[in-house]
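This is what each chain is made of:
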Amino acid sequence: MSPGSGSAGDPGENPILDDLVQPFILETSGIRGRLVKLGESLDAILGRHDYPRPVATALGELLLLASVLSSMLKFSGVFTLQVKGDGPVNIMVADITSEGELRGYAGFDADKIGALDAAPPESGGRQSVPALLGKGYLAFTVDQRSDSDRYQGIVELDGESLADCLLHYFRQSEQIQTGLLVTVGQDGEGRWRGGGLGLQHLPDEAKASGQNEDLREEDWRRSMILQASCTEAELLDADLPANDLLFRLFHEEGVRVFERRAIAFGCRCSSSRLEAVLAQMPREEVETLKVDGVVVATCEFCSTDYRYDDAALDRLYK
């Protein structure tokens, strides 16, 4: 057993239950996975905005997908998922840094959201991608802090869920066997929670292990059946430790866990960044943005207001 690793279900596991990514591997097949559990971090993001339930649910799913997919990559910087469409929700953004700071926001037309047919009770307020977002695209970007080139992938909104759209990309563009399962809900006190489970079988890893194609496909089908057996209630259970859930799902596969990573809400906005933008604009143009004698800029991610009266603008343009 290597440092920082162990079998799922070890009695000495870290007692932290929420806001984490738990990496693991299925030893019989070499399939790697990530289990994400979000509690306080997700509630902090969604609770800062008065989103209608379908919007909050969709943004929550995007935040979970960003958390799962980013944890499968090696990068130093920011991983971003952005969705644009012509439906009631016109934009959603979720990004997470390599240090685990997560944030997101959504833009929508309140009248169009109100006109949507009610989602069935069993959906948890979830609307389909065609109903909520219409036609458009989903893009993901890896923005490295170094001089490395940015990597971006784009896929049309083709599927009933955001996970379906991403799976379509991995099948068609990357040819990587990928399974994604995410769910979002509220507990009895109205706090938002979410869970996500991702599996990947990389072609290079399969070749390196000497697997033949038939065995590889059999392993993958079996792992997908086991992943599908995970219920929404299990993913949302605040009292179910990550390792216990993994052992419950994959114990016959020899599941091995590695050092988990923390996730927390974190916004990178600041007055200095905003002032750098304002300083590039002519003073006369900034003056037109005043309301009741004050320029107010609100961060779309965290809803923080930055206020500039005449004295603040004088200091900025001196």
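Residues numbered from 1 in each chain as written. Predicted model: local features only at pLDDT ≥ 70, side-chain atom pairs only at ≥ 80, totals over all residues. Heavy atoms only, no water.

(A) View of the overall build of the protein. Looking only at helices and strands, one finds 12 helices and 15 strands in the protein. Here the protein holds 318 residues, and the buried ones make up 47% of them. Partitioning the contacts of the protein with sequence separation of at least 6, the portion at a separation of at least 24 is 65%. Roughly 15700 Å² of accessible area belongs to the protein as shown, and the carbon and sulfur atoms make up 49% of that amount. (Helix = DSSP H or I, 4+ residues; strand = E, 2+ residues; numbered from the N terminus. Buried < 20%, exposed > 50% of the residue type's maximum accessible area, 1.4 Å probe, protein only. Contact = heavy atoms within 4.5 Å. Areas by Shrake-Rupley, 256 points an atom, 1.4 Å probe, with all protein chains shown as cover.)

(B) Just the pairing of strand 10 (residues 192-201), in detail. The element strand 10 is extensively covered by neighbouring structure, given that 10 of its 10 residues are classed as buried. The alternating pattern of strand 10 places Trp192, Gly194, Gly196, Gly198 and Gln200 on one face and Arg193, Gly195, Leu197, Leu199 and His201 on the opposite face, and all of these are buried. As judged from the seven bridges shared by strand 3 (residues 31-38) and strand 10, these two strands associate in the antiparallel manner. If you follow Arg34 over to strand 10, its bridge partner there is Gly198. Sheet analysis places strand 9 (residues 177-186) next to strand 10, joined by 10 bridges and oriented antiparallel. From the neighbouring strand, Val184 faces strand 10, where its bridge partner is Gly194. Hairpin remark: strand 9 followed by strand 10, antiparallel, with five residues in the connecting loop; positive phi at Gly190, about 85°. (Pairing = 2+ DSSP bridges.)

(C) The packing of helix 2 (residues 53-70) against helix 5 (residues 162-174), seen in detail. Where helix 2 meets helix 5, the axes come as close as 10 Å, and the angle between the chain directions of the two elements is 35°. Between helix 2 and helix 5, the contacting residues are Ala58, Leu62, Leu65 and Leu69 on the first element and Leu162, Ala163, Leu166 and Phe170 on the second. Among the residues making up the contact of helix 2 with helix 5, the classes are represented as eight nonpolar, no polar and no charged. (Axes fitted to C-alpha atoms, helices over the stretch in contact; angles between N-to-C directions. Nonpolar A, V, L, I, M, F, W, Y, C, P; charged D, E, K, R; others polar.)

(D) Quick peek at the sheet that holds strand 8 (residues 151-156). As summarised here, the arrangement of the six strands in space is 8-7-4-5-6-13, forming an open sheet in which the pairing is mixed. Lying at the two open borders of the sheet, with one neighbouring strand each, are strand 8 and strand 13 (264-265). Here seven bridges tie strand 5 (residues 89-97) to strand 6 (residues 101-108), and the two strands are oriented antiparallel to one another. Within strand 6, the position partnered with Ile96 by the bridge is Leu102. Its contacts with the sheet place helix 2 against strand 4 (77-85), strand 5 and strand 6, and it is angled at close to 35° to strand 5.

(E) Summary view of the nonpolar core. The biggest cluster of nonpolar side chains holds 58 residues, and the ones touching the most others in it are Phe79, Leu81, Met92, Leu133 and Leu162. Looking at which element gives the most residues to this core, the answer is helix 2, with 11 residues. Residue contacts for Phe79: discarding those within four places in its chain leaves Ala66, Leu69, Ser70, Leu73, Ala94, Asp95, Ile96, Phe140, Thr141 and Val142. Membership of the second largest hydrophobic core comes to 18 residues, among which are Ile31, Leu35, Ala242 and Leu249. (Core = buried A, V, L, I, M, F, W, Y, C linked by side-chain atoms within 4.5 Å.)

(F) Spotlight on the packing of aromatic side chains. By the definition in use, this model includes seven aromatic pairs. Each ring, one from Phe140 and one from Tyr151, has its centre 6.1 Å from the other, and the planes form 45°; the classification is tilted. Of this pair, Phe140 sits in strand 7 (residues 136-144) while Tyr151 sits in strand 8, and the two are 11 residues apart along the sequence. Considering the side-chain rings of Tyr169 and Phe170, the 5.7 Å spacing of their centres and the 75° angle between planes classify their relative orientation as edge-to-face. (Phe/Tyr/Trp six-rings, centres within 6.5 Å; stacked < 30°, edge-to-face > 60°.)

(G) Here's a closer look at the pattern of salt bridges. This model, assessed by the stated rule, comprises 16 salt bridges. For the salt bridge of Arg216 with Glu217, the shortest nitrogen-to-oxygen distance reads 3.9 Å. Taking relative accessible area as the criterion, Arg216 reaches 9% and is therefore assigned buried. Residues Asp219 and Arg222 are paired through a salt bridge, measuring 2.9 Å at the closest nitrogen-oxygen approach. (Salt bridge = Lys/Arg side-chain N within 4 Å of Asp/Glu carboxyl O.)

(H) Representation of the environment of Val68 in the model. With respect to the helices and strands, Val68 occurs in helix 2. As a C-alpha pair, Val68 and Val21 span 47 residues in sequence and 7.5 Å in three-dimensional space. Apart from residues lying up to four places away in sequence, Val68 is in contact with Arg34, Val36, Leu180, Gly196 and Gly198.

(I) How the structure looks around the side chain of Gln127. In this structure, Gln127 sits in the loop between helix 3 (110-114) and helix 4 (129-133). With relative accessibility at 18%, the residue Gln127 sits in the buried group. Not counting the four nearest positions on each side in its chain, Gln127 is found in contact with Pro54, Leu116, Asp117, Ala118, Ala119 and Leu132.

(J) Broad picture of the environment of Arg256. Summarising the element assignment, Arg256 is placed in strand 11 (residues 255-257). C-alpha of Arg256 to C-alpha of Gly33: the two residues are 223 residues apart in sequence and 10.0 Å apart in space. Separated by 2.8 Å, the side chains of Arg256 and Glu27 make a polar contact. (Polar contact = N/O pair within 3.5 Å; in protein donor to acceptor, adjacent residues only side chain to side chain.)

(K) Quick peek at unusual backbone geometry. Despite not being glycine, Asp19 has its phi angle at roughly 55°, a positive value. The residue Asp19 is located in the loop between strand 1 (6-7) and strand 2 (20-26) in this model. One non-glycine residue, Ser303, adopts positive backbone phi at about 65°. Considering the arrangement of structural elements, one finds Ser303 in the loop between strand 14 (295-298) and strand 15 (305-308).

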